Amino acid sequence: MKKKIILTRRWPQAVEDLLCKRYDVEINEHDVPFTRNKMQEAFRSADAVLTTVTDKLESDVFDMSDIRASIIGNYGVGYSHIDIASATARNIVITNTPDVLSECTADIAITLMLMIARRAGEGERELRSGNWNGWRPTHMTGCKVSGKTLGIVGYGRIGQETARRAHHGFGMQISIYNRSEISASVLKENSAVQVDSLESLLQSVDFLSLHCPGGEQNHHLINAAGIKNMKPTAYIINTARGEVIDSDALICALSNNTIAGAGLDVYENEPNLDRRLIDLENTVLLPHLGSATVETREAMGFRVVRNLEQHFTGLSPEDRVG
Ligand code: DGY
């Protein structure tokens, strides 16, 4: 008998087709996030529940005695939306999709860095609104990116890909802050220097790009005190998780021009972002597009398929995180 699996959102067609060949698949045709009841029903009725970042799997979801699912195949590398301890306490295996999205997420970090420094969003708004009245030497001058210092928080796969682009493409100097020590050979690839404290990183960089996981451990890692230490000409780029930055502190700094700008792809309380961010000219705001290419979104799906296959044949999946 085929295993029953439930997808909480629509996935790329090629991946859905493959899943349908192998499993008894229930697809969320309406593509809106499940309610808590619907999520619990999924865990009761399926062997695998395939989730995404829009599913809030807090401990109460697993507070049932009749769970059938033995695996959560999360579509995405981040899993701070899943209460791992509560799921594993119910003998549920959790997997994610690392590696395949590192390059595209790094591309979006670089996109945001260039857009905010070179005022691309502002420029496009001016042109589309019919307010552009031609070239002049003083028009919309931004900040040069090449040769500047990029600080990276979290030097995992995505952080390293961002550093590679910045260093080899734009001749930037790379400073990193990472909780564990990074080997000399990995640092050497992008001539990166690892600093001991977040404070020293924040005060020395021209651009700060966040690549650490979300969740409790990094909640408001970038706060008012840290932002106050940054250069007034510095920019913050966030493609990690919204909760890593204290949004009130960021908005206050951007409004008072105590930093120069921010390029954001992720937000606290997505998709309901703080209206004040939208009203600021010194922000570039994208709707969580880090992994959003056809190639990557398919690769993420196929990675989940591989994890399921390994799990259902009795192996520990390669991308097991809980
Ligand atoms: C991830 O992979 O965690 C992204 O943020 C969503 O795809």
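Rules used throughout
- Residues numbered from 1 in each chain as written.
- Predicted model: local features only at pLDDT ≥ 70, side-chain atom pairs only at ≥ 80, totals over all residues.
- Heavy atoms only, no water.
- Helix = DSSP H or I, 4+ residues; strand = E, 2+ residues; numbered from the N terminus.
- Rg over C-alpha atoms; globule rule 2.2 N^0.38 Å.
- Buried < 20%, exposed > 50% of the residue type's maximum accessible area, 1.4 Å probe, protein only.
- Contact = heavy atoms within 4.5 Å.
- Areas by Shrake-Rupley, 256 points an atom, 1.4 Å probe, with all protein chains shown as cover.
- Lys, Arg positive; Asp, Glu negative; His and termini not counted.
- Charge placed at Lys NZ, Arg CZ, Asp CG, Glu CD.
- Domains from an automatic or database assignment.
- Buried area = accessible area lost by both parts, 1.4 Å probe.
- Salt bridge = Lys/Arg side-chain N within 4 Å of Asp/Glu carboxyl O.
- Near = heavy atom within 4 Å.
- Polar contact = N/O pair within 3.5 Å; in protein donor to acceptor, adjacent residues only side chain to side chain.
- Nonpolar A, V, L, I, M, F, W, Y, C, P; charged D, E, K, R; others polar.

Draft legend 1. Summary view of the overall build of the protein chain. Broken down by element type, the protein chain carries twelve helices and twelve strands. Here the protein chain has a C-alpha radius of gyration of 21 Å; the compact-globule value for 322 residues is 20 Å, and the two agree. Expressed along its principal axes, the backbone C-alpha trace of the protein chain runs to roughly 70 × 50 × 30 Å. In the protein chain, buried positions account for 50% of the 322 residues. By sequence separation, contacts in the protein chain at least 24 residues apart represent 62% of the contacts at least 6 residues apart. Accessible area of the protein chain: about 15400 Å², with a carbon and sulfur share of 50%. Across the protein chain, the mean location of the 34 positive side-chain charges is 3 Å away from that of the 41 negative side-chain charges.

Draft legend 2. Broad picture of the domain arrangement of the protein chain. Assigned domains of the protein chain: these are domain 1 (4-98 + 294-312) and domain 2 (102-285). Computed over C-alpha atoms, the centres of domain 1 and domain 2 are 31 Å apart. Each partner contributes to the interface: domain 1 provides six residues, whereas domain 2 provides seven residues. Taking both partners together, domain 1 and domain 2 bury about 460 Å²; carbon and sulfur atoms supply 54% of that area. At the boundary of domain 1 and domain 2, one finds zero salt bridges.

Draft legend 3. Inspection of the site of the ligand at higher detail. By nearness alone, every residue bordering the ligand is listed as Gly76, Val77, Gly78, Leu101, Arg241, His288, Ser291 and Met300. Contact between the ligand and Gly78: an oxygen atom at 2.8 Å from a main-chain N or O atom of the residue. In the environment of the ligand, an oxygen atom lies 2.7 Å from a nitrogen or oxygen atom belonging to the side chain of Arg241. A total of 230 Å² of accessible area belongs to the ligand in isolation, and the protein chains cover 87% of it. Residues that form the shell around the ligand fall into these classes: three nonpolar, four polar and one charged.

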